[in-house]
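Structural overview
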Amino acid sequence: MRPWVAAQNGPDKFYETAVNSNQSINISGGGENSTFKVGYTRSDEKGVLPNSKLNKNLFNFSASFDLSKKLTVTANANYSQIKGLGRYGTGYDGKNPNQQFRQWFQTNVDLIEQKDAYFRNNQNVTWNWADPTAPYEENGPIYSENPYFSRYQNYSNDSRDNFFGYTQAVYKIASWVDFTGRFAYNGTSDMQEERIAFGSADPSQYKRFNRSFHETNLDLILNFRKSISKDFYFSGLLGGSMRRSKEESIRAQTNGGMVVPNLYSLLNSINPIEAPSEVYKRIGVDGLYGQASFAYKELVNLDLTARQDKSTTLPEGNNTYFYPAIGANFNFSNLEALKTNWLTMGKISANYAEVGNDAPWGSILDVYDKPTGIGSIPYFTLRNTKNNPNLKPERTKNLEFGLETAFLDDRLGLNVTYYRSNTLDQVLPVRISAATGYSFRYVNSGEVENKGIEISAYVTPVRSGDFSWTMNVNFARNRNKVLSLYGEGDNKVTNVEIAAPQGGVTLNAAEGQPFGIIRGTDYQYHANGQRIVKSNGIYAATPASDRIIGNPNPDWIGGFSNTLKYKTVSLNFLLDIRHGGDVWSLDQWYGEGTGMYPITAGVNELGNPKRDPAYAYDEDGQRLNLLPNPGGVLFPGVKADGTPNDVRAENLDGNGATAYGYPGNPPRAMYIYDGSYVKLREVALTFGLPQSVVSKLRAFKAIDLSLIGRNLWIIHKNMEYSDPEEGLSSGISSGAGGYQSGAYPAVRSYGFNVKFRF
């Protein structure tokens, strides 16, 4: 038993200091007809959570050899081996310690005591017993594990081996044309294991996932280059490609728990394991393409490209898609009339491009799943996603205009880009009525538009002798909008639910709205514009949860950097800025409901404890008079009749939580937060040893030393208890954001780098 006093060692003591180290060596050389390069990199990362690490071994090799004056052969090979242990759980998951720490934790629990309790016997001695009076052998946690038991017993591990490379031959047919043949291969082998140990809140379990992926690409290309005249130059290519990929995977797990503790094997299953999930995918894409580039003096360039692909993931008869592109730029600074001392460079450009994309594998024809049989009777079942044999390829149309300038011998520069991108016929599985026998159906889902402007500028106010100072500023403003979805007339769909994470909110693509809008219950407002408070003192929520309560897209983002150099010393720092963009926080929703956050405690505006009762009640629970020193809180707003609110909200469910938070079921809009921030993203100090020193060390040509700090300071943010950048991405499809659950704290890192050149 513990008193209701904050523990001396809170959740911050659970996190450890991470240490990352990287060592690399590169050797390059060659002769009259050949070149080669060999490299090796070793990376070891110890995470901020206990029992977490990531090890990487990276090898690369490249070589080029002239077999004759006309034939050159090139090869490149890369191999990587990555092994992970104890990767972090995310979202609302018991393997994410922040689910406890931000939402459900007992704040008088001392984490160092929990650490000692686990390491005494490697047991799940928790603060959250199902039955505090039962012996350990007969007991267990009702919900929350000892976080150290979770990290050291319920951990995951994984490995990935990847080999990719290519071999290429270039044969010069004539001085203006050559032929290239290139074969590329990419192969990956993955293995993942997950475990739930004996003594956990959930039944013991072992999961295993094995996956292999192989892809080959064959390209045959004719390259042309020719001076048409003194002022005109032409280059181009004609080519064809064949891409073939194959993926095989199997996922299996124990059934009903395990028999023997600490034996993580599929055979160690209490019940016969259910049928594994097996996947076999083959995709083929063939393409023909061409490119032509024209240059006039050093003034004008024109590029034309076109490509047609044919994919096996699309229905026959509609499985080819053509996409062209055209681009031009005009270097007006090379005009004789504009060749001045103040204009260093000036270029305007315009580009239009289309990009085609096929459908996901297995989205055309309906197929059967093979679940575990009923007794000795096998059976098959349809999947819960209805496939569509009439799918069309996706298309994206891009339009871009740019201005690039430099002035005063490159001491001042300005780049401006305007872009617009429209994506049509996106292939998405959309939710449909379960009465159809399916939960989702693949459709071509209309059109989404992105448009915006990007601006970057730099100035070097000081450049004298050994010292220089350069400032860079960048700004980007993007606006996206769902122009249309799918269907017509009575069957027209105006909203597609992208994700429905926990907490009663959804992320959506809604016609006429920015992509990813957040829907949920909103405040009810009186005709006078004020929020309505219910008879229990809590804000009234709208009956339906389809109100738009947030837009996760920022108004704009920007950055500001400074670089100061003196001889061989360089100092650089970067500020990163985001303005706007809403975030809905499950952490605050639950955490305020369980009374974890300071807003749920302390004194109210009368100086009385918020958690004290505000009213006396009769035997039937009917509210009587206000107590002499009332607790609770008074929300600003009006009652249903428009008169000012005078009803104090108090503890509604007797579990220690105040009216703040989910026990009172307030509007979900109450937990929308502004995701703006200003961060000191990086500071780097680099020092190159003077040549007078390096020359005395005969083995080296140069030695550079760097000190680097990243994510050093959140200068400003509007989310009081969380990093607004920390959002849930796993399980949130299509790039939508604006949702937090079990958010991890921001991590500040310091490092040094030493580079030797021989």
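Scroll up for the structure.
Residues numbered from 1 in each chain as written. Predicted model: local features only at pLDDT ≥ 70, side-chain atom pairs only at ≥ 80, totals over all residues. Heavy atoms only, no water.

Considerations on a nonpolar patch on the surface
The cut-off we apply is this: For patch building, the residue pool is restricted to those with more than 30% relative accessible area and no salt bridge; the joining distance is 9 Å between like charges and 5 Å between nonpolar side chains (Val, Leu, Ile, Met, Phe, Trp, Tyr). Only the protein chains shown count as covering a residue, and every accessible area follows the Shrake-Rupley method with a 1.4 Å probe. By definition here, a salt bridge exists when the distance from a side-chain nitrogen of Lys or Arg to a carboxyl oxygen of Asp or Glu is within 4 Å. Helix and strand assignments come from DSSP, with helices taken as H or I runs of at least 4 residues and strands as E runs of at least 2, each series counted from the N terminus.
Where nonpolar side chains cluster on the molecular surface, the patch consists of Tyr171, Ile173, Phe179, Phe183, Leu218, Leu220, Leu222, Leu238 and Met242 and spans about 770 Å² of accessible area. Going through the elements one at a time, β5 (156-174), β6 (177-196), β7 (205-227) and β8 (232-253) are the ones with two or more residues in the nonpolar patch. Sorting elements by how many residues they give to the nonpolar patch places β7 first, with 3 residues. Within the secondary structure, Leu218 sits in strand β7.

Things to note about the sheet that holds strand β27 (residues 547-550)
Strand pairing within a sheet occurs via backbone hydrogen bonds; the two strands may be parallel or antiparallel. To be explicit about the condition: Strand pairing is assigned whenever DSSP identifies at least 2 bridges connecting the two strands. To define axes, lines are fitted to C-alpha atoms, for helices over the stretch in contact only, and angles between the resulting N-to-C directions are given on a 0 to 180 degree scale.
Pairing is antiparallel in the open sheet, where 4 strands are placed in the order β24-β25-β26-β27. The open sheet has two edge strands with one neighbour each: β24 (495-499) and β27. Averaged over all adjacent pairs, the angle separating strand axes in this sheet is 50°, with direction ignored.

Section: unusual backbone geometry
Quick note on the threshold: Under the scheme applied here, a residue whose accessible area is under 20% of the maximum for its type counts as buried, over 50% as exposed, and between as partly exposed, the area being computed with a 1.4 Å probe on protein chains only.
Non-glycine residue Asn51 carries a positive phi angle of around 60°. Along the polypeptide, Asn51 turns up in the loop between β2 (34-46) and β3 (53-66). Classification of Asn51 as partly exposed rests on a relative accessible area of 21%. Its identity is not glycine, yet Asn122 carries a phi of approximately 55°, on the positive side. Mapping Asn122 onto the fold places it in the loop between α2 (111-121) and α3 (147-153).

Brief notes about the sheet that holds strand β30 (residues 582-585)
Our working rule: Only heavy atoms matter for contacts: two residues are in contact if any of them lie within 4.5 Å across the pair.
Strand order in the open sheet formed by 3 strands is β33-β30-β36, with mixed pairing between adjacent strands. The open sheet is flanked by β33 (672-674) and β36 (739-740), the only strands paired with a single partner. Pairing geometry for β30 and β36, over 2 bridges, is parallel. If you follow Trp584 over to β36, its bridge partner there is Tyr739. Relative to the sheet, helix α4 (residues 586-593) contacts β30, β33 and β36, its axis offset from that of β30 by approximately 40°.

Some points on the pattern of salt bridges
Going through the model one piece at a time under the given rule, you end up with 31 salt bridges. Arg102 is paired through a salt bridge with Asp587; the nearest N and O atoms lie 3.9 Å apart. Here the residue Arg102 occupies a position in helix α1 (residues 97-104), and Asp587 occupies one in helix α4, the gap between them amounting to 485 residues. Accessibility assignment for this pair places Arg102 and Asp587 in one class, buried. Across the pair Asp190 and Arg211 runs a salt bridge whose closest N-O atoms are separated by 2.8 Å. Taken as a pair, Asp190 in strand β6 and Arg211 in strand β7 lie far apart in primary sequence, 21 residues in all. By the burial criterion, Asp190 is buried, and Arg211 matches it. A single network of salt bridges, built from pairs that share partners, joins Asp576, Lys679, Arg681, Asp723 and Glu725.

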